[in-house]
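Each chain, letter by letter, is given below.
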Amino acid sequence: MGSLLLLWKPHWKGSGLGVRRFQSVSWCCPGPGRAAPKHRGMSGENVTKVSTFILVGFPTALGLQYLLFLLFLLTYLFVLVENLAIILTVWSSTSLDRPMYYFLSSMSFLEIWYVSDITPKMLEGFLLQQKRISFVGCMTQLYFFSSLVCTDCVLLASMAYDHYVAICHPLRYHVLVTPGLCLQLVGFSFVSGFTISMIKVCFISSFTFCGSNVLNHFFCDISPILKLACTDFSTAELVDFILAFIILVFPLLATMLSYAHITLAVLRIPSATGRWRAFSTCASHLTVVTVFYTALLFTYVRPQAIDSRSSNKLISVLYTVITPILNPFIYCLRNKEFKNALKKAFGLT
């Protein structure tokens, strides 16, 4: 009766990465006198299946690794504190009992989950030089990362609709944007994001990965993983493209359409003061949408000629670590109502 066996074969190579590379393979141990089964690659040769990946991360001197650990640890704690403060303030203050702040607290919850999926493993790599991640762990991290990105797209589109109704139909706002609708929009954002990502990750996890198990990234992202597959993944690429189009492009089009109507409505306001006041109500959200989609499109929709793993990692840091820090400031820094509620919630007044 066979059992699962993990076999590690250390290989030293002068890759300049400063880490030991491992080839991790797994198979069912056969009984006495039986050969271990192997998978076949695209060319038909026998290959052993990779069950562990190596995350390259940011290969630097050891001293700089510790400095990066401290920097990202402080950043991670700061993101947790500021977003938890937003959630507690919104849910404890009656003056913020409005759809806009309900969406904001949902976004903060998303940001906390977002950084918690990526940063702890990255911190482990900096401090302990633990670069390995199991196949299951990698697929799990990929699933939550993809789900949260997709959810973010739909949630940003929902917030754009909220701004559209507030500016274009102010007298009907409380009739059109009800608490029930807000709950449905947030629920739909999470359900659609997590469902579509489940389909994508199921396709990717069915591939055979063999040969190199080194991911040139600091977390499990789709593109670096697909580069290591030794089976034909053209069907999965097509499925991924269709699903990405649905969950990314449709919300983007909805957001752009909302802001097109908002722009026309603002231009019809006779006074410059009125136009500025109307535009300022959605300037924060528009800034977040611009930063989010710019980073996303630059990373995943880019000509192959200018593709660079190093630049991809830097851009990924932007929307996985830096953006969750900036979003609360963008939304709340110029909002006097929220700042007053925050001081009241934490007894600072």
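Residues numbered from 1 in each chain as written. Predicted model: local features only at pLDDT ≥ 70, side-chain atom pairs only at ≥ 80, totals over all residues. Heavy atoms only, no water.

**Remarks on the sheet that holds strand β7 (residues 132–134)**
Taken in spatial order, the 3 strands of this open sheet run β7-β6-β8, and their pairing is mixed. If you trace the sheet from one side to the other, it starts and ends with β7 and β8 (214–215), each paired once. Across 2 bridges, the pairing between strand β6 (residues 52–55) and β8 is parallel. Bridge pairing in β8 links Leu55 to Leu215. Lying on the sheet, helix α3 (residues 135–168) is in contact with β6, β7 and β8; it crosses β7 at an angle near 85°. (Pairing = 2+ DSSP bridges. Helix = DSSP H or I, 4+ residues; strand = E, 2+ residues; numbered from the N terminus. Contact = heavy atoms within 4.5 Å. Axes fitted to C-alpha atoms, helices over the stretch in contact; angles between N-to-C directions.)

**Focus: the pattern of salt bridges**
Counted by the stated rule, this structure contains 2 salt bridges. Residue Glu337 pairs with Arg98 through a salt bridge whose shortest N-O separation is 2.5 Å. Taken together, the residues Glu337 in helix α10 (residues 336–345) and Arg98 in the loop between α1 (62–92) and α2 (99–128) connect sequence positions 239 residues apart. The exposure class of Arg98 is partly exposed, given its relative accessible area of 33%. Measuring nitrogen to oxygen at the nearest pair gives 3.1 Å for the salt bridge that ties Lys121 to Glu124. Here Lys121 and its partner Glu124 are both found in helix α2, 3 residues apart, which amounts to about one turn of the helix. Classification of Glu124 by relative accessible area gives partly exposed; the value is 29%. (Salt bridge = Lys/Arg side-chain N within 4 Å of Asp/Glu carboxyl O. Buried < 20%, exposed > 50% of the residue type's maximum accessible area, 1.4 Å probe, protein only.)

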